[in-house]
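# Coordinates in review
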Amino acid sequence: MAEQTQRESNSGELESHSTVRNVVLVVLDTARARRVAGDWNRTDENEWDEDNRAAATDDRTTPELHRLAETGTTFENAFATAPWTLPSHASMFTGLYASEHGTHGDHTYLDSDLRTLPEAFDDAGFETIGVSNNTWITEEFGFDRGFDDLRKGWQYIQSETDMGTVVRGEDLHEKLRATRNRLFDGNPVVNAANILYSELFQPAGDDGASRSADWVENWLATRDDDRPFFLFCNFIEPHVEYNPPREFAERFLPADATYEEATAIRQDPRAYDCEDYEITDREFTLLRGLYRASLAYADAQVGRLREALETNDEWEDTLVVVCGDHGEHVGDHGFFGHQYNLYDTLLNVPLVCHGGPFVGGDRRSELVQLLDVPLTVLEAAGVDDPELREQATGYSLYPGSTPDAPSPGATSAATTAATGTPKPDATAPAAAPNSRDAVFAEYVAPQPSIDRLEARFDDVPDRVREFDRRLRAIRTSEYKYVRGDDGFERLHHVETDPHERTDISDAEPETVRRLRQRLEDEFEPLGESVSTGEVAMREGTKERLADLGYL
């Protein structure tokens with residue numbers, strides 16, 4: 001009877017506020033914190049507001065993310081482990097740094113001996129669903145493990161044959177030739193349907209987010225599975241090419257600009273890096289408006305996911321995590337895209353959690369990383385996965401969690417039901433004992449490689465050749481230190497130089513020595529990068545990745 005009373009006492013508000021039944025992880029691909037955060041952290045606002053009138057208004061870029069933050073928990077200093085999609089997602093799935101999980105530009109596959117977050121949820125009895133709109137996050141690169149269904153958002157009918165050659169044909173002749181060459185590669189009926197969708201019926205200004213939200217809405221409304229669920233979504237709209245719907249773009253373009261002028265600007269980051277063409281200050285201003293509009297459009301889909309959860313009575317029992325996988329340069333530091341460096345503009349990302357213990361509008365300022373996501377969401381869902389917990393380098397951000405053992409919040413749901421063990425109170429201190437004093441990031445290999453750039457461009461500038469190196473970074477609340485395997489190094493005092501413009505490595509040699517040692521203690525000394533082999537990609541995958549600026 002006492003045991004029953006204890007269970008009943010924890011079945012109301014306390015239980016609902018400390019553990020959840022379902023988990024939704026949404027990645028806003030290429031969302032950098034400085035562009036998303038808006039007025040969350042005024043000291044992080046950059047000079048974009050000076051040349052974009054719309055950015056200075058009260059119309060914030062991501063109102064749905066702000067709405068989540070108002071009653072959830074915002075992590076104001078969240079950092080990616082790498083500046084691009086493949087290694088960053090691998091860290092979110094495994095809890096490891098890039099050199100630990102080995103998934104990067106020189107080895108583009110998530111090895112099967114690594115435990116992943118979807119596998120942990122699958123083994124715990126969850127329905128596991130993924131919707132990817134980024135070609136890297138597919139079964140081709142090892143990300144399907146543990147998912148009951150991992151859908152490709154750019155396909156009307158799910159198929160292993162990607163008709164990207166048709167989509168990217170420059171004119172009718174090229175499209176017809178590609179159709180003739182690829183139509184019978186696999187199921188011709190499915191291929192024809194995917195061609196018709198991409199060429200005639202796909203909404204303008206959408207890279208799959210709207211249709212993905214449609215699918216999730218229908219899935220939630222019609223599912224008859226009694227299991228809890230883990231849902232992963234990647235919305236790629238903020239990624240090059242920025243092509244938001246007109247009504248979104250016009251909110252963020254300068255008053256003297258037109259949608260036609262902005263969308264006519266060439267968007268080819270690798271060609272820009274290799275000085276194949278120039279982008280004027282005016283054009284960068286318009287591109288920044290398009291980037292922000294693309295974020296706003298993706299944010300609107302987050303709102304649709306929330307509405308679907310509410311409509312189907314799943315909202316109160318669901319932890320929703322929204323983050324960026326990496327940031328973006330739109331003229332910052334002389335770059336376009338997100339390759340070749342480790343500036344905070346590529347690493348500082350939004351991270352908002354809503355549900356379970358992450359309520360009340362808390363704003364946590366400790367340094368956190370995306371590799372903390374796996375243990376955090378598992379603990380919030382009451383899942384203890386010893387294999388992933390022992391593998392992961394990251395921490396759980398669950399309030400009151402400890403680094404060496406699962407907190408009560410990580411007790412399995414079955415154990416809690418049997419014993420009545422109470423979950424941690426929702427009023428527990430906001431900062432977890434696991435908080436760290438530094439975050440780390442790696443750029444293991446250039447992507448695309450210098451060899452690929454040489455194959456595409458007749459002349460690769462010396463400035464770009466210098467990027468053929470491995471980079472590591474350590475960032476504390478005071479300093480940021482970056483070191484390359486070619487001897488390159490930079491030191492910034494981020495408290496007074498948040499945009500990392502002034503290298504003070506010569507002026508503070510002792511700080512350099514100390515932070516260099518911290519890097520070596522964390523990873524081992526930098527040596528020559530050794531290629532361990534790439535996956536042989538399908539042609540359609542290569543073309544789609546080329547469109548995203550990766551190849």
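Rules used in this analysis
- Residues numbered from 1 in each chain as written.
- Predicted model: local features only at pLDDT ≥ 70, side-chain atom pairs only at ≥ 80, totals over all residues.
- Heavy atoms only, no water.
- Helix = DSSP H or I, 4+ residues; strand = E, 2+ residues; numbered from the N terminus.
- Buried < 20%, exposed > 50% of the residue type's maximum accessible area, 1.4 Å probe, protein only.
- Contact = heavy atoms within 4.5 Å.
- Expected span 1.5 Å × (residues − 1).
- Patch = residues over 30% accessible without salt bridge, like charges linked within 9 Å, V, L, I, M, F, W, Y side chains within 5 Å.
- Areas by Shrake-Rupley, 256 points an atom, 1.4 Å probe, with all protein chains shown as cover.
- Salt bridge = Lys/Arg side-chain N within 4 Å of Asp/Glu carboxyl O.
- Lys, Arg positive; Asp, Glu negative; His and termini not counted.
- Charge placed at Lys NZ, Arg CZ, Asp CG, Glu CD.
- Axes fitted to C-alpha atoms, helices over the stretch in contact; angles between N-to-C directions.
- Parallel < 35°, antiparallel > 145°, perpendicular 65-115°, else oblique.
- Nonpolar A, V, L, I, M, F, W, Y, C, P; charged D, E, K, R; others polar.
- pLDDT = per-residue confidence, 0-100.
- Pairing = 2+ DSSP bridges.
- Disulfide = S-S within 2.5 Å.
- Phe/Tyr/Trp six-rings, centres within 6.5 Å; stacked < 30°, edge-to-face > 60°.
- Lys NZ or Arg CZ within 6 Å of the ring centre and 35° of its normal.
- Core = buried A, V, L, I, M, F, W, Y, C linked by side-chain atoms within 4.5 Å.

When helices and strands are tallied, the protein shows 23 helices and 15 strands. Across the 551 residues of the protein, 60% fall into the buried class. A fraction of 74% describes how many contacts in the protein between residues 6 or more apart in sequence connect residues 24 or more apart.

The next subject is helix H11 (residues 209-222). Taking 1.5 Å per residue, 14 residues should reach 20 Å; H11 reaches 20 Å between its end C-alpha atoms and fits that length. Looking at the packing, one finds that the buried side of H11 touches strand S3 (127-132), strand S5 (229-235) and helix H15 (281-311).

Attention now goes to a nonpolar patch on the surface. Nonpolar side chains collect at one region of the surface, where Leu196, Leu200 and Phe201 lie side by side and expose about 350 Å² of accessible area between them. Inspection of the secondary structure assignment puts leucine 200 in helix H10 (residues 188-201).

On the surface, Glu275, Glu278, Asp458, Asp459, Asp462 and Glu466 cluster together to form a negatively charged patch. In this structure, aspartate 458 sits in the loop between helix H20 (450-456) and helix H21 (462-465).

Right, let's get into unusual backbone geometry. A cis geometry characterises the amide bond from valine 240 onward to glutamate 241, with omega recorded as 5°. Secondary-structure assignment places glutamate 241 in the loop between S5 and helix H12 (246-252). Backbone geometry places histidine 333, a non-glycine residue, at a positive phi of 55°.

Between H11 and H15, whose axes approach to 10 Å, the crossing angle comes to 5°. One finds that H11 runs roughly parallel with respect to H15. Side by side, H11 and H15 meet where Ala209, Ser210, Ala213, Asp214, Val216, Glu217 and Leu220 of the first sit next to Tyr297, Gln301, Arg304, Leu305, Ala308 and Leu309 of the second. In terms of residue class, the contact of H11 with H15 is made up of eight nonpolar, two polar and three charged.

Further remarks concern the pattern of salt bridges. Enumeration over the complete set of coordinates arrives at 36 salt bridges. With a closest N to O distance of 2.3 Å, aspartate 214 and arginine 304 form a salt bridge. You can see aspartate 214 sitting in helix H11 and its partner arginine 304 sitting in helix H15, a full 90 residues away along the chain. The shortest N-O distance in the salt bridge between arginine 483 and glutamate 489 comes to 3.3 Å. Judged by its relative accessible area of 22%, arginine 483 falls in the partly exposed class. Given the relative accessible area of 24%, glutamate 489 is considered partly exposed.

Mapping glutamine 301 onto the fold places it in helix H15. For glutamine 301, a relative accessible area of 4% corresponds to the buried category. Discounting chain neighbours no more than four positions away, the residues touching glutamine 301 are Ala209, Ser210, Ala213 and Phe235.

So, about the environment of phenylalanine 488. Tracing the sequence through the fold places phenylalanine 488 in the loop between strand S14 (479-484) and strand S15 (489-493). On a C-alpha basis, the gap between phenylalanine 488 and leucine 471 in space is 8.6 Å, while along the polypeptide they are 17 residues apart. Those residues within four positions of phenylalanine 488 in sequence are excluded, and the remaining contacts are Arg469, Leu471, Val482 and Arg483.

Let us look at the confidence of the model for the protein. Per-residue pLDDT for the protein averages 82, and the proportion of residues at 70 or more is 79%. Below a pLDDT of 50 lies the segment residues 528-533, which in the model reaches 12 contacts outside its immediate sequence neighbourhood of four places, other chains included.

Let us now look at the sheet that holds strand S13 (residues 471-475). The four strands are arranged S12-S13-S14-S15 in an open sheet whose pairing can be described as antiparallel. The open sheet has two edge strands with one neighbour each: strand S12 (439-443) and S15. Recorded for the sheet is a direction-independent mean angle of 10° between the axes of neighbouring strands. The sheet contact formed by S14 and S15 spans five bridges and is antiparallel. By the bridge assignment for S15, tyrosine 481 is matched with leucine 491.

Here the structure, examined in full by the defined rule, presents zero disulfides. Lacking any disulfide linkage, cysteine 353 is separated from the closest cysteine sulfur, that of cysteine 323, by 8.6 Å.

What the rule picks out here adds up to 24 aromatic pairs. Ring centres 5.6 Å apart and planes at 75° place the aromatic pair phenylalanine 93 and phenylalanine 143 in the edge-to-face group. Within this pair, whereas phenylalanine 93 is found in helix H5 (residues 85-94), its partner phenylalanine 143 is found in the loop between S3 and strand S4 (149-152), the two being separated by 50 residues in sequence. Seen from their ring centres, tyrosine 97 and phenylalanine 523 are 5.2 Å apart, and the 85° between their planes marks the pair as edge-to-face. Placement of the pair is tyrosine 97 in the loop between H5 and helix H6 (98-101) and phenylalanine 523 in helix H22 (residues 509-523), with a sequence separation of 426 residues. The burial state of tyrosine 97 is the same as that of phenylalanine 523; both residues are buried. An aromatic cluster is built from Phe93, Phe121, Phe126, Phe143, Phe147, Phe230 and Phe232, whose rings are joined through pairwise contacts. Above the plane of the ring of tyrosine 277 lies arginine 266, whose end atom (NZ or CZ) is 4.3 Å from the centre.

Right, let's talk about the nonpolar core for a bit. Counting residues in hydrophobic clusters, the biggest one holds 119 residues, and the most contacted among them are Phe121, Phe235, Leu287, Leu319 and Phe336. With 14 residues, the top contributor of residues to this core is H15. Beyond its immediate sequence surroundings of up to four residues, leucine 319 is in contact with Val20, Asn22, Val23, Val24, Cys353, His354, Gly355, Phe358, Val377 and Ala380.

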